[in-house]
Amino acid sequence: MLLFYIRHGDPVYNPDSLTPQGELQAQALAKRLALYGLDEIYTSPSTRAMKTAEPTARLLGLTPTVLDFCNEAHPWKNLTVTTEEGITTWIFHDPRMRAILNSPEGIALGERWYDHPVFAGERRFGDYINQSSRETDEFIAYLGYVHNRKTHAYRAERPNEKRIALFAHQGFGMVFLSSLLDIPYSQFCFRFNFGHSSMTVIRFDGEGDSVVPCVLQLSNDSHLYREGLPTKYINSIYF
């Protein structure tokens, strides 16, 4: 199985939508995905994610399935902090949190990073991470692969060659992919990111109880180059 994790195109957050550039990105992405096709499309209920999926679904004649657990509102409610300047932001954007979670003590806690003494009395971090992990496992099991968190591998209950696309978000993607790949969120969220309309490809290959998903590409935006669209990463830097 190939799983395509796709971040929405260049967004308008209020009201929730895409910019004209985001719409062009979605159209370019559809051409890329149509080259080899998809079997199923899933999307967050957010308008910006659904509008990113629309051109692909239309081109391939597929009807997207909406998954509420992919809604960016869930991690935003549970994985944000207030900075010293009084601004609410993602935990991975706050330098104080980065220093805590990358300290020897924070790294040693691994997937239970939320048990760090600095978070004493703050249950929402751990509660949400555990809830999201259960929901992620349920989704991947539905697709045919059952997660064994003790062995950090999957059982191929229904091994398949399907091509599955999930259109969602940056913040949710940090939680989803760290869980799927058995990488502690506290380390994943500071070290990886996804550009607008970018495609991350993960392969589930093999049979039996030892299937380990492999990232083939991370945040690929070759469709933008192909269509001559701006390639400024998250509207901030060219490379």
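Residues numbered from 1 in each chain as written. Predicted model: local features only at pLDDT ≥ 70, side-chain atom pairs only at ≥ 80, totals over all residues. Heavy atoms only, no water.

> Even after reading the chapter, I still don't get unusual backbone geometry, so can you show me in this structure?
Most peptide bonds take the trans form, and the phi angle of most residues other than glycine is negative. Omega for the bond connecting asparagine 14 with proline 15 falls within 30 degrees of zero, at 0 degrees, which places this linkage in the cis form. Residue placement: proline 15 occurs in the loop between strand S2 (11–13) and strand S3 (16–18). In this model, histidine 152 sits at a positive phi of 60 degrees, which is unusual for a non-glycine residue. Note that histidine 152 resides in the loop between strand S8 (145–148) and strand S9 (153–156). One non-glycine residue with positive phi stands out, namely serine 219, at about 55 degrees. (Helix = DSSP H or I, 4+ residues; strand = E, 2+ residues; numbered from the N terminus.)

> Whenever I open this one, helix H6 (residues 124–142) confuses me. Can you help?
Residues lying three or four places apart along an α-helix face the same way, a consequence of the helix completing one turn every 3.6 residues. Helix length check: H6, at 19 residues, gives a terminal C-alpha distance of 27 Å against a target of 27 Å (1.5 Å per residue), a fit within 8%. Taken from the residues just after H6, glycine 144 is the one with a positive phi, measuring 120 degrees. (Expected span 1.5 Å × (residues − 1).)

> Explain the packing of H6 against helix H7 (residues 170–180) to me, please; I cannot follow it from the model alone.
The packing of two helices is summarised by the inter-axis angle and the distance between the axes. Close contact between H6 and H7 brings their axes to 9 Å; oriented N to C, the two are set at 65 degrees. For the element pair H6 / H7, the angle class is roughly perpendicular. In the packing of H6 onto H7, the handedness of the crossing is right-handed. Two secondary-structure elements touch here, H6 through Tyr128, Ile129, Ser132, Ser133, Thr136, Phe139 and Ile140 and H7 through Phe172, Val175, Phe176, Ser179 and Leu180. Here the contact of H6 with H7 is built from residues that sort into eight nonpolar, four polar and no charged. (Axes fitted to C-alpha atoms, helices over the stretch in contact; angles between N-to-C directions. Parallel < 35°, antiparallel > 145°, perpendicular 65-115°, else oblique. Left-handed = near helix turned anticlockwise from the far one by under 90°. Contact = heavy atoms within 4.5 Å. Nonpolar A, V, L, I, M, F, W, Y, C, P; charged D, E, K, R; others polar.)

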